[in-house]
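Each chain is listed here by its residues.
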Amino acid sequence: MSGQMKGQTSDDAQLAACAGQLLRDLRAARPLVQSITNFVSMDIAANALLAVGASPAMVHAPEETGEFTPRVDALVVNVGTLSKDSAHAMEQAATTARVHGRPWLLDPVAAGALTFRDETIQRLLRHRPSIIRGNASEIMAVARAAGLTRNEAAPRGVDSAHTTQEAEALAVRLARHCFCAIVATGAVDVVTDGERVLRVANGSPLMPRVTALGCSMSAVMGAYLAVAADPFEAAFGATALYGVAGELAAAKAQGPGSLRVAFLDTLYSIAPEDVANNLRMG
Amino acid sequence: MSGQMKGQTSDDAQLAACAGQLLRDLRAARPLVQSITNFVSMDIAANALLAVGASPAMVHAPEETGEFTPRVDALVVNVGTLSKDSAHAMEQAATTARVHGRPWLLDPVAAGALTFRDETIQRLLRHRPSIIRGNASEIMAVARAAGLTRNEAAPRGVDSAHTTQEAEALAVRLARHCFCAIVATGAVDVVTDGERVLRVANGSPLMPRVTALGCSMSAVMGAYLAVAADPFEAAFGATALYGVAGELAAAKAQGPGSLRVAFLDTLYSIAPEDVANNLRMG
Amino acid sequence: MSGQMKGQTSDDAQLAACAGQLLRDLRAARPLVQSITNFVSMDIAANALLAVGASPAMVHAPEETGEFTPRVDALVVNVGTLSKDSAHAMEQAATTARVHGRPWLLDPVAAGALTFRDETIQRLLRHRPSIIRGNASEIMAVARAAGLTRNEAAPRGVDSAHTTQEAEALAVRLARHCFCAIVATGAVDVVTDGERVLRVANGSPLMPRVTALGCSMSAVMGAYLAVAADPFEAAFGATALYGVAGELAAAKAQGPGSLRVAFLDTLYSIAPEDVANNLRMG
């Protein structure tokens, strides 16, 4: 599909081709993605899904999710601005997704920082997410909540206090423990299903300066769940897209305001070949 | 007011002049528009109202709306991210608007997709909206909820599964049934009060790629209710503005991110003559 | 630090240097700012905090704020889209901030317009905010709620019906009454702690056309509370930054859409010297 890149191994070239093909498939399928997400990210998550070619649905009320979730292609649950009510809605949607065999992704925003949040995340884990995506500190905190470590180095807020290199070993163990794919995003993004580990080195240091860009990545990763062969492939495909699109957009941006604009434009206009040709495995 | 456009009939020229004059009146009046809308659209709805020259108020709590609604120029109710609490607030606001003679607009987002939503929409219809604005599928679903058809072709999510041509006949019947104006937006926008039917052919296929742009159109249409002679004229004026502004903005955009930016700029800077001179009746 | 500006007095030059230094300190400290704000402003408030170099946390649930607020550098409470639940969360967070000695800022959006809102604001005032920031009408309404005047000229909605010149005398009395700093924003921004009064004449008439830009200013002012010597200095520093950055951004903007983008870019890229050199005291 894509020619082999300079300096790429044949494995890398195959991965690059796969990332390109997944984007092609996503646009053809136009999957319906339900997103129960925080108030900060609703706008950018819906815009990212539309830009990439998916159909977003921000249905989040317990009154509606029981009827809605069975018919979506994927569900994304993001605990960003958690409350008692939204925690209830998230658990109900996750249960419904599991019962009806819909794939779902958990974005454990600020895991490790607050008791109520960690308890909610622990309950959500019982419903078997297909992917857990967070920054390095969040993934380490989920591993801690799952009893895999006693490391107490929690971040103060929502920004990561760790690198993904520090999180990688725990991410692999968490993937095995939860039978799911794990994505820890950072300067280098780590994608693992407990057996395989991929590292994507694209992106830009300007990306964390745009609020909820990571949340929107989770939403788009949900769309990939609808077209990929398995959660690991979906996790890799969306990580590759975000890394490459973020890098291309940052090259045109003067700061976080114009990066957000250029990023949505890029999600819309990027060709599958662009993803394949610009991918840099770490 | 506006010179006759090439190929326009004199009726079309009159309509174009009317659309221009309504924008002029709106900017002079600076109407106060209360918007009870979904979490995805709050930002763009408020920004669109400010850009066009109206004053937005996103007051939505039952504790406040009883006191606030009687003094606004128009109310807009959008069921996008519905919940039990927001449905209650919407009904209270709609009742207050009716009792105090304030015009109000209903945006039935995702009508036909979910039981709780359709029941809420049915209750809201009792309070006599001045305008109902939605995409083709939503308008058809409201007609079904009102008992005008048994067609069950509901969309899966929030995106339309029908063209406005398919919805037009039902839109006319719904307008007669509800004694209000109906706007079905799509590639060609249909505006009707049950007697008259206008079709606006402006716009851009990029517009549905910006989330909540339709919701923001409903908010701006609320502002037109405050200055137009009747709901039909308000519906037409806002439809004309959105079609022309969207088309002009899309000509400058590289994708949905820059379209949103250019669109808000255009709402702010567009001259009444620009609306009149670029309008294309379908 | 900064050379003396043309026509500046030595006092003004000192103020300009101070405003520049505060921005430098803020970026070095990267303060964690909790923001309980309205749904319209969450996105732009978080983006402004990230752009300027602070760490935003939009934690707002009563289930979490008791545990979270004691460890933040500052708290910002904005009553924009008030409800019974959010009023409860705001009071709890303000109590916690007071008890734990965390500085906090009150943004009394639409004060004077609605009974429930004014009662909530009165209860919040008991918890001693360090700064109250609003437009002229809002500051006058808070002064009225505090019993300092009987003037009943309330605005209808969220937009100011007064100039800051009209509000200045009341702002000074309110600062003395509440033992805090007051900022009344408008064409000329007034900053006072009841003893000192500063007027910042930067900014652009296009700024009020961007929704929640004032709310985002309150969020950023919260970040300044974490690094300034006292609330008055924090109030002045953030007011200077917003005036200068808004003016520079407006010079590049074609309307409110591009102003928002350029403004976030400017918050990110503006040098402390740019703030100092472009500041115009009124």
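Residues numbered from 1 in each chain as written. Chains lettered and ligands numbered in written order. Predicted model: local features only at pLDDT ≥ 70, side-chain atom pairs only at ≥ 80, totals over all residues.

*Asks:* Talk me through helix α10 (residues 256-269) of chain A; I want residue IDs and the actual numbers.
*Replies:* The terminal C-alpha atoms of α10(A) lie 20 Å apart, and with 14 residues this matches the ideal 20 Å at 1.5 Å per residue to within 8%. With 13 of its 14 residues buried, α10(A) lies for the most part within the structure. (Helix = DSSP H or I, 4+ residues; strand = E, 2+ residues; numbered from the N terminus. Expected span 1.5 Å × (residues − 1). Buried ≥ 20, exposed ≤ 12 C-beta atoms within 10 Å, placed from the backbone.)

*Asks:* Outline the interface of chain B and chain A, supporting the account with residue identities and numerical values.
*Replies:* Contacts between the two partners involve 24 residues from chain B, matched on the other side by 27 residues from chain A. Broken down by secondary-structure element, the contributors of at least two residues to the side of chain B that touches chain A are α5 (115-125) and α10 (256-269) of chain B. In terms of residue count, α10(B) provides more of the side of chain B that touches chain A than any other element does, four residues in total. Of the residues contributing to the side of chain B that touches chain A, the split by class is nine nonpolar, nine polar and six charged. (Contact = placed C-beta atoms within 7 Å. Nonpolar A, V, L, I, M, F, W, Y, C, P; charged D, E, K, R; others polar.)

*Asks:* Can you break down the relation of the copies chain B and chain A residue by residue, with the values?
*Replies:* When chain B is fitted to chain A, the best match, at an RMSD of 0.0 Å, comes from turning it 120° and sliding it 0.0 Å along the axis. With respect to symmetry, the two chain copies, as superposed, fit the operation of a three-fold axis. Minimal C-alpha distance to the rotation axis in chain B is attained by B:Phe39, lying at 3.9 Å. Different-surface contact between copies: only 12% of interface residues of chain B are shared with the interface of chain A. (Least-squares fit on C-alpha atoms with pLDDT ≥ 70 in both.)

*Asks:* Kindly report on the relation of the copies chain C and chain A, identifying the contributing residues and their values.
*Replies:* There are two copies of the chain, and a rotation about an axis plus a shift along that axis relates them. Of the transformation placing chain C onto chain A, the axial shift is 0.0 Å and the rotation is 120°, giving an RMSD of 0.0 Å. A distinct binding surface is used by each copy, with only 11% of the interface residues of chain C retained as interface residues in chain A.

*Asks:* Can you tell me about the interface of chain C and chain A, naming the residues and giving the values?
*Replies:* Many descriptions give the size of an interface as the accessible area lost when the pieces come together. Contact with chain C, which involves 27 residues of that partner, is made by 24 residues of chain A. Contributing elements (two or more residues each) for the side of chain C that touches chain A: α2 (42-52), β2 (55-57), α3 (62-68) and α10 (256-269) of chain C. Tallied by class, the residues present in the side of chain C that touches chain A amount to 16 nonpolar, four polar and seven charged.

*Asks:* Before we move on, could you go through the sheet that holds strand β7 (residues 189-192) of chain C and cite the residues and values that matter?
*Replies:* All names here are of chain C. Taken together, eight strands build an open sheet; the order of strands is β2-β1-β3-β4-β5-β6-β7-β8 and the sheet is mixed. Taken across any chain shown, the strands that pair with only one partner, and hence form the sheet edges, are β2 and β8 (197-200). Neighbouring strand axes in the sheet, compared pairwise and without regard to direction, differ in orientation by 20° on average. Bridging between strand β6 (residues 181-185) and β7 involves three bridges; their strand directions are antiparallel. Residue pairing across strands places alanine 184 opposite valine 190, the latter belonging to β7. Along the sheet, α2 contacts β1 (32-36) and β2; its crossing angle with β2, the most-contacted strand, is approximately 155°. (Pairing = 2+ DSSP bridges. Axes fitted to C-alpha atoms, helices over the stretch in contact; angles between N-to-C directions.)

*Asks:* Just give me the short version of the pairing of strand β8 (residues 197-200) of chain A, but keep the residues and values in it.
*Replies:* Taken residue by residue, a regular strand's side chains alternate between the two faces of the sheet. Residue and element names in this part refer to chain A. Only one face of β8 is buried: it carries Leu198 and Val200, and the other face, with Val197 and Arg199, is open. Pairing between strand β7 (residues 189-192) and β8: four bridges, direction antiparallel. Following the sheet pairing, valine 191 is matched in β8 by leucine 198.

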